[in-house]
Amino acid sequence: MGALIAVAVCAVTAGARGFTAIGKWARDAGAGAVKQLGLVRGSVDESTLRRLFARLDADRLDALVGTWAATRAALVAGRQVIAVDGKTVRGACGGDASAPHLVAASAHGSGAVFGQVAVGEKSNEIPAARDLLEALELDGAVVRMDALHTQHATAALVTEADADYVLAVKANQKPSYVRLKAVPWAQLPAVARTDRRHGRRTTRTVKAIDVPAWTTSPGPRKSPSCGAP
């Protein structure tokens, strides 16, 4: 089974978009290449692949691959930085059904996905993100999330797992947003970095201060600071 999954992964990475195409890729790759992936026979037919993936526990496989990716992700200053974000899957809708919306946790920098959870049709990203965080090994990590997830329960979940968080504060948290806007940011030193990617130049500026006494957010556990981009 492992060899067939490895062949399928390589074929899809190379552009195969169906069971027939995966089998064709295996034949074209040659006996030597697929043997290195553990497939001794040298080829695989469509019916075998269909039976395999019909029996496969997709959620279990996803969890195993995510765990494997997490053990090989690069560290930032000795810590794992995990970005949590939601995306709608392109090209996955059919008929009257809408495309699935997933919340994924990925490695900052490489983008390797550690895990993902589907958002329910009558729900939103917030509970899905909490389910995802509960399934991850967060000890010592830093979790980055956008303003939608700037929620007390989400922050508490992260700190209770012995991790830290970086959350954006926007108008969805109006009291904190107004008070943070009143901080004299112009008087504070800044660290800036400019990236040139995808034909554009982006400059990011960060300023940090000690966490104000008025904040009621859980933690932070190790790094008592907040900042403005």
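As shown above, the structure is provided for reference.
Residues numbered from 1 in each chain as written. Predicted model: local features only at pLDDT ≥ 70, side-chain atom pairs only at ≥ 80, totals over all residues. Heavy atoms only, no water.

Asker: For the overall build of the protein, give the residues involved together with the corresponding values.
Answerer: Counting its regular elements, the protein contains eight helices and eight strands. The C-alpha atoms of the protein give 22 Å as radius of gyration, which overshoots the globular expectation for 229 residues (17 Å, by more than 25%). For the protein, the residues scored as buried account for 31% of the 229 residues in total. Of all intrachain contacts in the protein linking residues separated by at least 6 positions in sequence, the fraction that spans at least 24 positions is 41%. The protein carries 29 positive and 20 negative side-chain charges, and their two centres are separated by 8 Å. (Helix = DSSP H or I, 4+ residues; strand = E, 2+ residues; numbered from the N terminus. Rg over C-alpha atoms; globule rule 2.2 N^0.38 Å. Buried < 20%, exposed > 50% of the residue type's maximum accessible area, 1.4 Å probe, protein only. Contact = heavy atoms within 4.5 Å. Lys, Arg positive; Asp, Glu negative; His and termini not counted. Charge placed at Lys NZ, Arg CZ, Asp CG, Glu CD.)

Asker: Now, about helix α4 (residues 46-55): what can you tell me, with residues and values included?
Answerer: Residues of α4 that are buried: T48, L49 and L52. Taken end-on, α4 shows its buried residues confined to a sector of 95°, consistent with a single buried face. Turned more than 90 degrees away from the buried face of α4 sit R51 and A54, all of them exposed. Looking at the buried side of α4, the elements it contacts are α1 (2-13) and α2 (19-29). (Arc of directions from axis to C-beta.)

Asker: Give me the pairing of strand β6 (residues 191-197): which residues, what numbers.
Answerer: Note that β6 and strand β7 (residues 200-210) share seven bridges and pair antiparallel. Paired with R197 across the two strands is R200, which belongs to β7. (Pairing = 2+ DSSP bridges.)

Asker: Explain the packing of α1 against α2 to me, and be specific about the residues and the numbers.
Answerer: The interhelical angle for the contact between α1 and α2, taken along N-to-C directions, is 95°, at an axis separation of 9 Å. Considered as vectors, α1 and α2 are oriented roughly perpendicular to each other. Contact residues: V7, A8, C10, A11 and V12 in α1; I22, W25 and A26 in α2. Here the contact of α1 with α2 is composed, by residue class, of eight nonpolar, no polar and no charged. (Axes fitted to C-alpha atoms, helices over the stretch in contact; angles between N-to-C directions. Parallel < 35°, antiparallel > 145°, perpendicular 65-115°, else oblique. Nonpolar A, V, L, I, M, F, W, Y, C, P; charged D, E, K, R; others polar.)

Asker: How would you explain the nonpolar core if you had to name every residue and give the values?
Answerer: I82, V84, V103, F114, L133, L138 and V143 are the most contacted members of the largest nonpolar core, which totals 23 residues. Per-element accounting of this core gives the leading share, four residues, to helix α6 (residues 125-135). Ignoring anything within four residues of it in the chain, the contact list for L138 reads I82, L133, V143, A161, D162 and A163. Counting 15 residues, the second-largest nonpolar core is a separate cluster that includes L4, V7, I22 and L56. (Core = buried A, V, L, I, M, F, W, Y, C linked by side-chain atoms within 4.5 Å.)

Asker: Give a description of the pattern of salt bridges that names residues and reports values.
Answerer: Counted according to the given criterion, the structure contains six salt bridges. A salt bridge links D28 to K24, with the shortest nitrogen-to-oxygen separation between them at 2.8 Å. Of this pair, D28 and K24 both sit in helix α2, four residues apart, which is roughly one turn of that helix. Here D28 falls in the exposed class, since its relative accessible area comes to 54%. For K24, a relative accessible area of 47% corresponds to the partly exposed category. Salt-bridge contacts for D164 lead to R79; the nearest nitrogen and oxygen are separated by 2.8 Å. (Salt bridge = Lys/Arg side-chain N within 4 Å of Asp/Glu carboxyl O.)

Asker: Outline the packing of aromatic side chains, listing residues and values.
Answerer: The tally for this structure, following the rule as stated, stands at one aromatic pair. Ring geometry for F19 and F53: centres 5.8 Å apart, planes at 35°, overall tilted. Placement of F19 in helix α2 and of F53 in helix α4 is noted, with a sequence separation of 34 residues between them. Classification of F19 as partly exposed rests on a relative accessible area of 24%. (Phe/Tyr/Trp six-rings, centres within 6.5 Å; stacked < 30°, edge-to-face > 60°.)

Asker: Please provide a residue-by-residue account of the sheet that holds strand β2 (residues 101-107), values included.
Answerer: Read from one edge of the open sheet, five strands run β3-β2-β1-β4-β5, paired in mixed fashion. Whereas interior strands pair on both sides, the edge strands pair on one side only; in this sheet they are β3 (113-118) and β5 (164-167). If you compare each strand with its neighbour and ignore which way they point, the axes differ by 20° on average. Examined bridge by bridge, strand β4 (residues 142-145) and β5 share four bridges and lie parallel to one another. From the neighbouring strand, V142 faces β5, where its bridge partner is D164.

Asker: Got a sec to walk through helix α7 (residues 152-160)? Specific residues and values, please.
Answerer: Taken residue by residue, α7 has T154, A155, A156, L157, V158 and T159 as its buried positions. Residues of α7 that are buried in the fold lie against α6, β4 and β5. In the stretch just after α7, D162 is the one whose phi turns positive, near 60°.

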